[in-house]
Amino acid sequence: MAAEMKGLKSFQGGIHPPFDGKSLSKDREIVQFPLPEVAYLCMSQHIGAPAKVVVAKGDVVKKGQKVGEAPGLISANVHASIAGKVTDITFKPHPVTGARTQVVVIQREGEDMWAPGLDEPQDVEAMTPDDIRNLVREAGMVGLGGATFPTHVKLSPPKDKTVDAVILNGAECEPYLTCDYRLLMEKTREVIEGLRIVMKCLGCKNGYVGIEANKMDAYERVKAVVGHDAHIKVELLEVKYPQGAEHQLVKAILGREFKPTQLPIEAGAVVHNVSTTYAIYEAVKHRRPLVQRVISITGDGVERPANLLVRVGSPIEPLLKASGLKAEANKVVYGGPMMGIAQPAVTDAVTIKGTGGILVMSSAGEWQSHACIRCGKCIEACPYGLNPSYLSILCESEHFQQAMEFNLMECKECGCCTYVCTSRRPIVHLIKTAKYELGRQKARAQEAQKAKEAQKVQAAAAPATTK
Amino acid sequence: MSNAQEKVVTPASGGLPTRELLVTTSPHIRGPEDIPRVMWTVVGALLPAGLVGVYFFGYYALFIVILSVLAAVLTEAVIQKYLLGQPVSVKDGSAVITGLLLAYILPPGVPWYIPVVGAIFAIGIVKHAFGGLGNNIWNPALAARAFLQVAYPAPINSDWRIIKESGGILSNITGMDAITQASPLLKEFGGKTYSYMDLLIGRVPGCIGETSAIALMLGGAYLIYRGYVDWRVPVGYIGTVFVLAKLLPARIEAPWANDPIYHVLAGGLMLGAFFMATDMVTSPLTRRGLLIFGIGCGVLTTLIRFYAAYPEGVCYSILLMNTATPLIDRFTQPTLLGSASGGKK
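The structure presented is a predicted model; accordingly, all values stated were derived computationally and were not measured.

Undergrad: Mind showing me how you'd approach the overall build of chain A here?
TA: Looking only at helices and strands, chain A has 14 helices and 17 strands in total. Taking 467 residues into account, the globule formula puts the C-alpha radius of gyration at 23 Å, and chain A, at 23 Å, falls close to it. For the C-alpha atoms alone, the extent of chain A along its principal axes is close to 80 × 60 × 55 Å. Here the contacts in chain A between residues at least 6 apart in sequence split such that 73% fall between residues at least 24 apart.

Undergrad: Before we go on, may I ask you to explain the overall build of chain B in this structure?
TA: Scanning chain B from terminus to terminus reveals 15 helices and 2 strands. Out of the 345 residues belonging to chain B, those deemed buried represent 51%. Partitioning the contacts of chain B with sequence separation of at least 6, the portion at a separation of at least 24 is 69%.

Undergrad: Hey, could you run me through the packing of helix 5 (residues 188-202) of chain A against helix 8 (residues 274-285) of chain A in this one?
TA: For any two helices packed against each other, one specifies the crossing angle of their axes together with the interaxial distance. All names here are of chain A. Closest axis-to-axis distance for the helix 5/helix 8 pair is 8 Å, and the angle between their directions is 75°. Considering their axes alone, helix 5 and helix 8 lie roughly perpendicular with respect to each other. Of helix 8, the residues touching helix 5 (which contributes Glu190, Val191, Glu193, Gly194, Leu195, Ile197 and Val198) are Val274, Thr277, Tyr278, Ile280, Tyr281, Val284 and Lys285. In terms of residue class, the contact of helix 5 with helix 8 is built from 9 nonpolar, 2 polar and 3 charged.

Undergrad: Hey, could you run me through the domain arrangement of chain A in this one?
TA: Interfaces are frequently sized by the accessible area removed from exposure as the parts join. Assigned domains within chain A: domain 1 (35-112), domain 2 (120-287), domain 3 (309-361) and domain 4 (366-462). Just the C-alpha atoms count here: the centres of domain 1 of chain A and domain 4 of chain A sit 33 Å apart.

Undergrad: Teacher, can you tell me more about the confidence of the model for chain B here?
TA: Reading fine detail from the predicted coordinates is not recommended where pLDDT is low. Residues and elements named next belong to chain B. Looking at chain B, the pLDDT average stands at 85 and 82% of residues meet or exceed 70. This model gives residues 1-18 a pLDDT under 50, and the stretch forms 39 contacts once residues within four places in sequence are excluded. Between residues 341-345, whose pLDDT stays under 50, and residues either more than four places distant or in other chains, the model counts 11 contacts. For this predicted complex, the interface confidence score (ipTM) comes to 0.90, while the overall pTM stands at 0.90.

Undergrad: I tried to follow the sheet that holds strand 6 (residues 78-79) of chain A on my own but got confused; where do I start?
TA: Paired through their backbone hydrogen bonds, the strands of a sheet run either parallel or antiparallel. Residue and element names in this part refer to chain A. Spatially, the 3 strands line up as an open sheet ordered 3-5-6, and their pairing is antiparallel. Strand pairing shows two members of the sheet lacking a second neighbour, strand 3 (52-53) and strand 6, which therefore form its edges. Of the strand pairs in this sheet, strand 5 (residues 66-69) and strand 6 are connected by 2 bridges, and their pairing is antiparallel. Considered in strand 6, the bridge of glycine 68 is made with valine 78.

Undergrad: What exactly am I supposed to notice about the interface of chain B and chain A here?
TA: Taken residue by residue, the interface counts 47 residues in chain B and 60 residues in chain A. When contributions to the side of chain B that touches chain A are tallied by element, the ones reaching two or more residues are strand 2 (20-23) and helix 1 (35-57) of chain B. For the side of chain B that touches chain A, the leading source of residues is strand 2 of chain B, giving 4 residues. A class-by-class count of the residues in the side of chain B that touches chain A yields 21 nonpolar, 19 polar and 7 charged.

Undergrad: What is the right way to look at the sheet that holds strand 1 (residues 30-32) of chain A in this model?
TA: Residues and elements named next belong to chain A. Taken in spatial order, the 6 strands of this open sheet run 1-14-13-17-15-16, and their pairing is mixed. The sheet terminates laterally at strand 1 and strand 16 (341-342), the two strands that pair on one side only. Of the strand pairs in this sheet, strand 15 (residues 331-334) and strand 16 are connected by 2 bridges, and their pairing is antiparallel. The residue of strand 16 that forms the bridge with tyrosine 334 is isoleucine 341.

Undergrad: It is not clear to me how the packing of helix 2 (residues 59-84) of chain B against helix 4 (residues 113-127) of chain B should be interpreted in this structure. Could you clarify?
TA: Residues and elements named next belong to chain B. Taken N-terminus to C-terminus, the directions of helix 2 and helix 4 make an angle of 35°; their axes are 8 Å apart at the nearest point. In the packing of helix 2 onto helix 4, the handedness of the crossing is right-handed. From helix 2, Ile64, Leu67, Ser68, Ala71, Ala72, Thr75, Glu76 and Ile79 reach across to helix 4, where they touch Pro115, Val116, Ala119, Ile120, Ala122, Ile123 and Gly124. By residue class, the composition of the contact of helix 2 with helix 4 is 11 nonpolar, 3 polar and 1 charged.

Undergrad: I tried to follow the nonpolar core on my own but got confused; where do I start?
TA: If you look at soluble globular proteins, the nonpolar side chains tend to sit buried side by side. Judged by nonpolar contacts, the single largest core of 238 residues is most densely connected at Leu41, Ile167, Ile358 and Leu391 of chain A together with Leu102 and Ala122 of chain B. Per-element tally for this core: the top contributor is helix 1 of chain B, with 12 residues. Dropping the residues within four chain positions of it, isoleucine 167 of chain A is found in contact with Tyr208, Gly210, Leu249, Val250, Ile253, Ala269 and Val271 of chain A.

Undergrad: Is there a simple way to explain the pairing of strand 11 (residues 232-237) of chain A in this structure?
TA: Every other side chain in a regular strand lies on the same face of the sheet, so the side chains alternate between the two faces. Residues and elements named next belong to chain A. Pairing of strand 10 (residues 207-212) with strand 11, which is carried by 6 bridges, proceeds in the parallel orientation. Within strand 11, the position partnered with glutamate 212 by the bridge is leucine 237. For the segment spanning strand 10, helix 6 (residues 216-226) and strand 11, crossover handedness is right-handed.

Undergrad: Please explain unusual backbone geometry as it appears in this structure.
TA: With the exception of glycine, the majority of residues adopt a negative phi angle, and the majority of peptide bonds are in the trans configuration. Cis geometry is found at the peptide bond from tyrosine 241 of chain A to proline 242 of chain A, where omega equals -5°. Mapped onto the fold, proline 242 of chain A is located in the loop between strand 11 and helix 7 (246-254). A cis geometry characterises the amide bond from serine 26 of chain B onward to proline 27 of chain B, with omega recorded as -5°. One can find proline 27 of chain B in the loop between strand 2 and helix 1. Although it is not a glycine, arginine 374 of chain A sits at a positive phi angle of roughly 60°.

Undergrad: Help me out: how do you make sense of the pairing of strand 8 (residues 100-108) of chain A in this one?
TA: Residues and elements named next belong to chain A. Of the strand pairs in this sheet, strand 2 (residues 38-42) and strand 8 are connected by 5 bridges, and their pairing is antiparallel. Among the inter-strand pairings, alanine 39 is bridged to a residue of strand 8, identified as isoleucine 106. Of the strand pairs in this sheet, strand 7 (residues 84-93) and strand 8 are connected by 9 bridges, and their pairing is antiparallel. The residue bridging aspartate 88 from the neighbouring strand is valine 105, located in strand 8.

Undergrad: Even after reading the chapter, I still don't get helix 10 (residues 213-226) of chain B, so can you show me in this structure?
TA: All names here are of chain B. Its 14 residues place the ends of helix 10 20 Å apart at the C-alpha level, agreeing with the 20 Å of an ideal helix rising 1.5 Å per residue. Of all the residues in helix 10, the buried ones are Ala213, Ala215, Leu216, Gly219, Gly220 and Leu223. Down the axis of helix 10, the buried set is contained in an arc of 165°. They therefore lie on one face. Phi turns positive, to about 85°, at glycine 227, one or two residues after helix 10.

Undergrad: Explanation requested: the environment of threonine 178 of chain A in the structure shown.
TA: All names here are of chain A. You can see threonine 178 is positioned in the loop between strand 9 (165-170) and helix 4 (179-186). Spatially, the C-alpha atoms of threonine 178 and serine 314 are 19 Å apart, while their sequence positions differ by 136 residues. Beyond its immediate sequence surroundings of up to four residues, threonine 178 is in contact with Lys22, Ser25, Lys26, Ser296 and Asn307.

Undergrad: Even after reading the chapter, I still don't get helix 2 of chain B, so can you show me in this structure?
TA: Residues separated by three or four positions in an α-helix point in the same direction, a consequence of the helix having 3.6 residues per turn. Here helix 2 of chain B is 26 residues long and its end C-alpha atoms lie 36 Å apart, about the 38 Å a rise of 1.5 Å per residue gives. With its phi angle positive at about 65°, glycine 85 of chain B sits one or two positions after the end of helix 2 of chain B.

Undergrad: I keep staring at the environment of valine 54 of chain B and nothing clicks. Help me out?
TA: All names here are of chain B. Note on placement: valine 54 falls in helix 1. When the C-alpha atoms of valine 54 and leucine 244 are compared, they prove to be 32 Å apart, with 190 residues separating the residues in sequence. Setting aside residues up to four positions removed in sequence, valine 54 forms contacts with Ala61 and Leu62.

Rules used throughout
Residues numbered from 1 in each chain as written. Chains lettered and ligands numbered in written order. Predicted model: local features only at pLDDT ≥ 70, side-chain atom pairs only at ≥ 80, totals over all residues. Helix = DSSP H or I, 4+ residues; strand = E, 2+ residues; numbered from the N terminus. Rg over C-alpha atoms; globule rule 2.2 N^0.38 Å. Contact = placed C-beta atoms within 7 Å. Buried ≥ 20, exposed ≤ 12 C-beta atoms within 10 Å, placed from the backbone. Axes fitted to C-alpha atoms, helices over the stretch in contact; angles between N-to-C directions. Parallel < 35°, antiparallel > 145°, perpendicular 65-115°, else oblique. Nonpolar A, V, L, I, M, F, W, Y, C, P; charged D, E, K, R; others polar. Domains from an automatic or database assignment. pLDDT = per-residue confidence, 0-100. Pairing = 2+ DSSP bridges. Left-handed = near helix turned anticlockwise from the far one by under 90°. Core = buried A, V, L, I, M, F, W, Y, C linked by C-beta atoms within 7 Å. Right-handed = clockwise from strand over helix to strand, strands pointing away. Expected span 1.5 Å × (residues − 1). Arc of directions from axis to C-beta.

Written out as structure tokens, the structure is:
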């Protein structure tokens, strides 16, 4: 493998599974999936504050009409993904975090019509960066790779930072998933146009497209579309997970490093993946809010893997059934096998903006974990320069403070360490649990502090009242 | 162990048959490597050296090897089942390795109880008393050898000539009777200097599995190829011995006293460098640490060979470096991405 990878841009660490599952769905063309009868719109489909519901039960809404409004900068609007009637505003467990979250339920009614003012071609040439930013913000755009960071924030760099590189992330390094690849193949022109829109918005002259070397056809197609545009460079990347993570992509393409907890802007870069960039194009060029996306339905638990264009908030059961869900399927994962979130049930789950794939596994196993034998493979695999061996031992024995000294909080939970672990230790699980526990401790400490201060105020006020 | 793995039954309300979905934290796939695969591969890589040993030292050596492995495996099974109440893990191959390695560093003519006592000490005290595989500080086989050296000095140091009496395959094939010495590095017995070829093949006196440099290098190279051994340890170790053997003033008078090739090929260095110092559990975690570890082993081995009363330094130098491993780990932590100054301690 090493020989054929020579000359490709890459990074330190990472893994590549012998079977990456891409072949299951990579040649399945994108198909528009029938509209759901009922859409469940989660008010928290992004990192940041949940959107505020701006419709009431009984309201009739059009496609693309805003049903949730971002209360602040780090948040995103949510739009009706189908035309119909709001039948309920309720709470459901979030498909990714599991936390209780507000959901607007829409029963489909009438024609699939856009709300007034939407779906109109725009003159991008005449737009100012702020126009673009506003359109993207209005459209409820979030990073569609799964992290769901509000896109308009990435388009609004702090004044003291300069952006000299916009990177279109076509790596799609997560095994099995093929939604970005299909978009690159079928909507090449639109995706590249989206990249140009981002470059214009950021006033940046250097655009890059990074594509893993296992997608040569997409690479050729993108090169052909980019043509003689000297401002966009198309780069071939080594086939390695997590090549499409921001840190690894910036390192591979620009040779710049920044800390795991920092954003790419620290290295003068802004990264958007293919699905996001396509959605930006749709939002800016056609004024279409984010109401649908391509989802790869794949894995050995379905008969017919597919890439489906699905409305946000669709129940997944029809998607899986249409793809031939096998009776022996025993694990359903939102996302890919490395970072995806296992779902407790098929019947209740609905898609959110960040759902780029649903992996259905038919013989998902459990692994017997053992004490660390110190083989050091996790350290070699960690693309962030952490010591997963130490972290797993410290987190397991609940030495959280010591784990923090070994950069616990810098872990991005990419899963490379756990994939290679000879002792089959659930390293990511231990790290996630430790972070969660630390968060709770912090919240408790804050509460205690508050209570103490309240007591002090009371104590100070008490003598005054007795006088 | 907490693995957050729970079975959830989906409500039967949907059109799908009720199914149990497995909910675990990502990642949902694992690489091909696990402990049994690593351990049994190491066992396989050790076999050529053992075969050569049996070929030259005779069937009694084979008996010692089998006894040692059996004793190690049995000790582990008994301790796990009756003392610790753990699932018995002898199938993972780790106890087999300890048994093999222990036999390989014993003289071919030791009494039968030596490998048995050694294996019980290695598995019982050095491995399980410290918490079992992954938690032991010292390489169990080497620590057991050091224990036997002190507890049974007579059989360990003087029973070499049993080889000839036991006959074995040796006398038939080579017709040599010179192999009555402890080690080609011993000057007292060293009237004869062995050729490089003898040392490569293993046609020299020594412990059961340590004599054939070529068989050990083959096994070691395979482990490096498979990624179970980092080259920095054997290269750092052997390279350091090679350089120092040339440079340091020798105290003994022998034709090979300052011959680096002779020092590298003779004695337990090859076995130690490829199979003992590379023990994952007792060596450092990072590549930088492994290089330091290998060089440290080389320095100590040469110093002991040149300036101590003991002709062979491999066993004690690796044990000493095992002891230093947590310290080496501490100063060779990986560097956090994007921090030029290096990761925090």
